[in-house]
Amino acid sequence: QVQLVESGGGLVQAGGSLRLSCAASGRTFSIYNTGWFRQAPGKEREFVAAISRSGTFTYYADSVKGRFTISRDNAKNTVYLQMISLKPDDTAVYYCAADKSRATPGRSRNEYDYWGQGTQVTVSS
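Model, not experiment: these values are computed from the prediction.

Caption draft 1: Quick peek at the pairing of strand β9 (residues 92-99). Most of β9 sits inside the fold, with eight of its eight residues counted as buried. Relative to β9, strand β4 (residues 33-39) runs antiparallel, the two sharing seven bridges. Paired with Phe-37 across the bridge in β9 is Tyr-95. Across three bridges, the pairing between β9 and strand β11 (residues 119-124) is antiparallel. Paired with Tyr-94 across the bridge in β11 is Thr-119. Direction of pairing for β9 relative to strand β10 (residues 114-115): antiparallel, over a ladder of two bridges.

Given below as structure tokens:
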């Protein structure tokens with residue numbers, strides 16, 4: 001089992017940048033596909049980005065493609081989400097998720113077994 005802790009959220013003006021981190025417990029983080037999801041008030045949790053175990057393959061929601069970059073450092077048991085050109089619509093709680101069962105990272109919430117507590121990102125206009 002893995003435990004995930006997100007950090008790096010905060011308040012930023014539109015056009016600004018933030019880097020989120022997801023630190024995982026345990027020594028075998030490299031066996032987990034990892035994803036980022038977000039949930040805005042009154043909306044369902046939605047897929048943002050995902051990265052394969054080795055970091056070779058990455059996937060993005062259309063709404064963030066070109067602005068967000070997911071990466072990982074398995075030696076540090078950490079996954080990152082670099083966000084640039086932030087928009088007010090990016091305001092949400094951002095969650096890190098992990099899965100070790102599937103061959104490739106999923107885009108659906110039910111494809112992930114482990115979740116962090118989330119970190120708030122607020123983008124002001």
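Caption draft 2: Summary view of the packing of aromatic side chains. Here the structure, examined in full by the defined rule, presents five aromatic pairs. The interplanar angle of 80° and the centroid separation of 5.9 Å between the aromatic rings of Tyr-32 and Tyr-114 together place this pair among those described as edge-to-face. Within this pair, whereas Tyr-32 is found in the loop between β3 (18-24) and β4, its partner Tyr-114 is found in strand β10, the two being separated by 82 residues in sequence. Each of the two residues, Tyr-32 as well as Tyr-114, counts as buried.

Caption draft 3: How the structure looks around the sheet that holds strand β1 (residues 4-7). Taken in spatial order, the four strands line up as β1-β3-β8-β7 in an open sheet, and their pairing is antiparallel. In this open sheet, the two edge strands, each paired with only one partner strand, are β1 and β7 (68-73). Sheet twist, expressed as the average angle between the axes of neighbouring strands with direction ignored, equals 15°.

Caption draft 4: Here's a closer look at the environment of Asp-90. Within the secondary structure layout, Asp-90 lies in the loop between β8 (78-83) and β9. Judged by relative accessible area, Asp-90 falls into the buried class, the value being 1%. Those residues within four positions of Asp-90 in sequence are excluded, and the remaining contacts are Arg-38, Arg-67, Phe-68, Ser-85, Val-121 and Val-123.

Procedures and definitions
Within each chain, residues carry numbers counting from 1 in the order of the written sequence. In keeping with the predicted nature of the model, local features appear solely for residues at pLDDT of at least 70, side-chain atom pairs appear and are counted solely at 80 or more, and the whole-chain, interface and lining totals rest on all residues. In computing side-chain properties, one takes all heavy atoms of the structure into account and sets aside hydrogens as well as water. Three exposure classes are used, based on accessible area relative to the maximum for each residue type with a 1.4 Å probe and protein chains only: buried under 20%, partly exposed in between, and exposed over 50%. Numbering of helices and strands runs from the N terminus; a helix is a DSSP stretch of H or I covering at least four residues, while a strand is a stretch of E covering at least two. When DSSP locates at least two bridges between a pair of strands, those strands are taken to pair. Each aromatic pair joins two rings of Phe, Tyr and Trp (for Trp, the six-membered one) with centres within 6.5 Å, and gets the label stacked for planes under 30 degrees apart, edge-to-face for over 60, and tilted for any other angle. An axis is simply a line fitted to the C-alpha atoms; with a helix, the fit covers only the stretch in contact. Between two such axes, the angle follows the N-to-C directions and lies from 0 to 180 degrees. Any pair of residues with heavy atoms lying within 4.5 Å of one another is described as a contacting pair.

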